[in-house]
Amino acid sequence: MSANVPDQLLDVVCLLQTVARQNVQKPQFENLQEPEPVEAPLTRPNKKRRLEKSYAISNPFAATKESENPLRDQYFEAVKFASKLRKRARMETFNPFHQKCASYLINIFYRIPLHKLKEAVEYAQTQVNISLLNYALSVALLHRDDAVEANIQLPSHLTTEPGMYSDMEKVRDNMSNPKANQVMASEVPKRYVDMTNNFTATNLDPENKVAYFREDIGLSLHHRHWHEVYPFEAGDFIAKKNRRGELFYYMHQQAVARYNFDRFSNGLPRVEPFENFREPIKEAYFPKLNQTARSTLFSSRPANCKWHNLHRGDFYIKISTMDRWRDRIFDAIDRGYAYAIDPHTKKEIIKKIDEETGINELANTIEAAESLSWNYRYYGNFHNTGHLLFSYVHDPDHRFQEESGVMSASEAAMRDPLFYRWHAFVDDIFQRYKRTLPPYTIEQRQFKGIEINDVKIRYQEPMPDNDDDDEVDHCNMSNVLRTYWEKDAVDITQGLLKQDVNETNERVYAVFTHLQHRDFEYKIEVKNTLHHDVIGTVRIFLAPHADESGSQDTFNGQRRMFIEMDKFTANLPAEEITNIKRKSVESSVTIPFEKTFMTLSDVQQLVKNDENKLDKDWIKAQNGYCGCGWPHHMLIGKGVPGKGLECDLFVMITNYEDDRVDESPLHQECCDKSSLSYCGVRNKKYPDKKPMGFPFDRTIPNLHATINDFMTDKQEDFERQKKEDPGMEMPPRLSNMIVVPVRVKHEDGPPTCGKTLKDAGFNEEIYV
């Protein structure tokens, strides 16, 4: 790779955080040729569809042979089409027209040679909605081979558009006072703006008890980035990823499970699915988010709004259409086959839904990835349209000219309680399909010769004194997960308007409070009774032990509450006992805090250190970093003070030879290692043959069985045997599984000062 490739890419990345220059001339692109042949990235416009009918234009990627410079012509046509979205409009990730605009830019930015890319983006900035452009450029850079090979990271979207994540009025009020919260550090004035927690409501609204979860900035950044890695509208060379639909199902299922964990931690029941499309929506939400570049607020939703037929410009959808799409999806699941479009003949065929690929195809159809759906015209745009119906529920026909709500945008949708109600229902559809599959057999669940003897959780640092009433901790210091509040900071200067930043060129840091946990380590004692070495896949899950009533949950009820904590491989020598140690910071689910909130300065430093090969810490970060992943500070739910929330920690070891995907081994050491579970591996197959969520993705026939019953080798017959002999003892558990009781304890109190806040020069003694 040429030495100047990272610098050229960095110049393009910097355009994500700059204001468009004036009087930029049209790029000439003399003799600009296609770098390599690629398939046409967009489907032909469907004249029968009512959506976007006034925007139907010829496909710019089907250039005529007469064109002397087809790629140049396609570029200008793509910019022309994308400019149909108003410059001051909000980019709505789930809006089909906005996504169509983005897809034209994504596909052309993906294909333009690197030495012309900066010029192309600079001109597009003068013509196109800046949020749309930033989204499209981010998606293209995440998928370009030259950017992947150079390990070019993208700065956090928070630093570009902070108003999408926090209360910018607080920032403006603070900046209008020249004496507020300023210190000098290295001759650079710094301003720390303490962002108010729970600024959207009070605890008079019960849902506000979990606002810290829904409104966590890292969580919103994760959702934004996931939909950049897995866009549903783009060329097939970007959209058609291995098990893409299944990842959509699993990542969102886990988000709902984690949300339910925190609801239990605050005395709330699990979220109620939104399954009646005509019922009043009891949850109100007032986001108070303001995009700095547009001075436009996300609209609020009063309580007891209802879905109505949506008619906004050329977008028209009836609730009855949603009913029809839902029923057709149900019909396909129940019958076991779908009315699909053959990709070669373009004719309708009957396609059997098989056990191996069914969940992936179903999820692509529900999310409405048009080129990946069984039949887009027949099964519709179910998931995305649901988001839009929620986001415009306050003004469905635009009579009051109100903006959309947060459910329209991937970076803000997870803040709304309705996100979890909607995805709980979407997950119910997936579970309907999973119930058609046979339960896992003993052979599929066991790993003969492998015995898990014990599992403990230990801490890597001294613990604070225990509460006086926490007697259990004095007896058992292990198997207690501890959470607390922490304050951190991120530099948002780049995302502020120039007139908002003082002439002194000060740096502005948003200080925010978030949930955090004590670092810990798993210690797993495993015995291999076989006469040969094996490699095992270690799978770790956590779920509350009891249901809402306080009774032990059944397996079929608890399985959807299990959150994945980690997944990794371990070598198990023959006829030996192995003590496996695994640190929580190595989780396959999460990415480090610093990577979630990466700034442009961080990206520039990475490129500099890569060239000099001096910073060993950076090399370590490179090996463990993937920009897509659950924020590490949210690995564990809040829990409760005092005795803690009683939970079940489930550990299972399966045979790695049965799980292996040779292209992407679980134990690989590469820059894509960090967040395998929810995001997969960039440009490779998902590194686990098992269905995502295994073994909790399927039900068992015994409706009264608990997790302990599930681990027995007689689970299928246990209910019948129990009726015949009520006094019978529990059969022995499968040796490769174990459940140990743990408690998640919240250490309530004032927030501590986090590392990024200290690194920003914050003086805790002065500003607490």
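Our structure is the block above this text.
Rules of the game
- Residues numbered from 1 in each chain as written.
- Predicted model: local features only at pLDDT ≥ 70, side-chain atom pairs only at ≥ 80, totals over all residues.
- Heavy atoms only, no water.
- Phe/Tyr/Trp six-rings, centres within 6.5 Å; stacked < 30°, edge-to-face > 60°.
- Helix = DSSP H or I, 4+ residues; strand = E, 2+ residues; numbered from the N terminus.
- Buried < 20%, exposed > 50% of the residue type's maximum accessible area, 1.4 Å probe, protein only.
- Lys NZ or Arg CZ within 6 Å of the ring centre and 35° of its normal.
- Pairing = 2+ DSSP bridges.
- Axes fitted to C-alpha atoms, helices over the stretch in contact; angles between N-to-C directions.
- Disulfide = S-S within 2.5 Å.

*Asks:* Can you explain the packing of aromatic side chains? Please cite residues and give values.
*Replies:* A complete count under the given rule lists 48 aromatic pairs for this structure. Here the aromatic rings of Y192 and F762 are separated by 5.2 Å at their centres, their planes lie at 85°, and the arrangement is edge-to-face. Of this pair, Y192 sits in strand 2 (residues 188-194) while F762 sits in the loop between helix 28 (755-759) and helix 29 (764-767), placing them 570 residues apart in sequence. Both residues of the pair, Y192 and F762, belong to the buried class. An aromatic cluster is built from F213, Y249, Y250, Y259, F419, Y420, F430, W630 and Y678, whose rings are joined through pairwise contacts. The ring centre of F76 lies 5.0 Å from the NZ or CZ of K26, which sits over that ring. If you follow R518 out to its NZ or CZ, it ends over the ring of Y484, 4.4 Å from the centre.

*Asks:* Tell me what's going on with the sheet that holds strand 12 (residues 520-528), and back it up with residues and numbers.
*Replies:* Taken together, three strands build an open sheet; the order of strands is 9-12-15 and the sheet is antiparallel. Of all the strands in the sheet, the pair left with one neighbour each is strand 9 (450-459) and strand 15 (576-583). Neighbour-to-neighbour, the strand axes of the sheet open up by a mean angle of 20°, direction not taken into account. Pairing analysis gives eight bridges linking strand 12 to strand 15, with the strands arranged antiparallel. Its bridge partner being in strand 15, Y522 is matched across the sheet by R582.

*Asks:* Describe the environment of V188, listing the residues and the values that go with them.
*Replies:* Within the secondary structure, V188 is located in strand 2. C-alpha separation for the pair V188 and N505, spaced 317 residues apart in sequence, amounts to 7.5 Å.

*Asks:* Quick one: what's the story with the state of the cysteines, residue by residue and with numbers?
*Replies:* Tallied over the entire structure, the rule returns one disulfide. A sulfur-sulfur separation of 2.0 Å characterises the disulfide bridge that pairs C628 with C679. Handedness of the C628-C679 disulfide follows from its S-S torsion of about -70°: it is left-handed. Here C679 lies in helix 25 (residues 676-679) and C628 lies in the loop between helix 23 (616-623) and strand 17 (630-631), a separation of 51 residues in the sequence.

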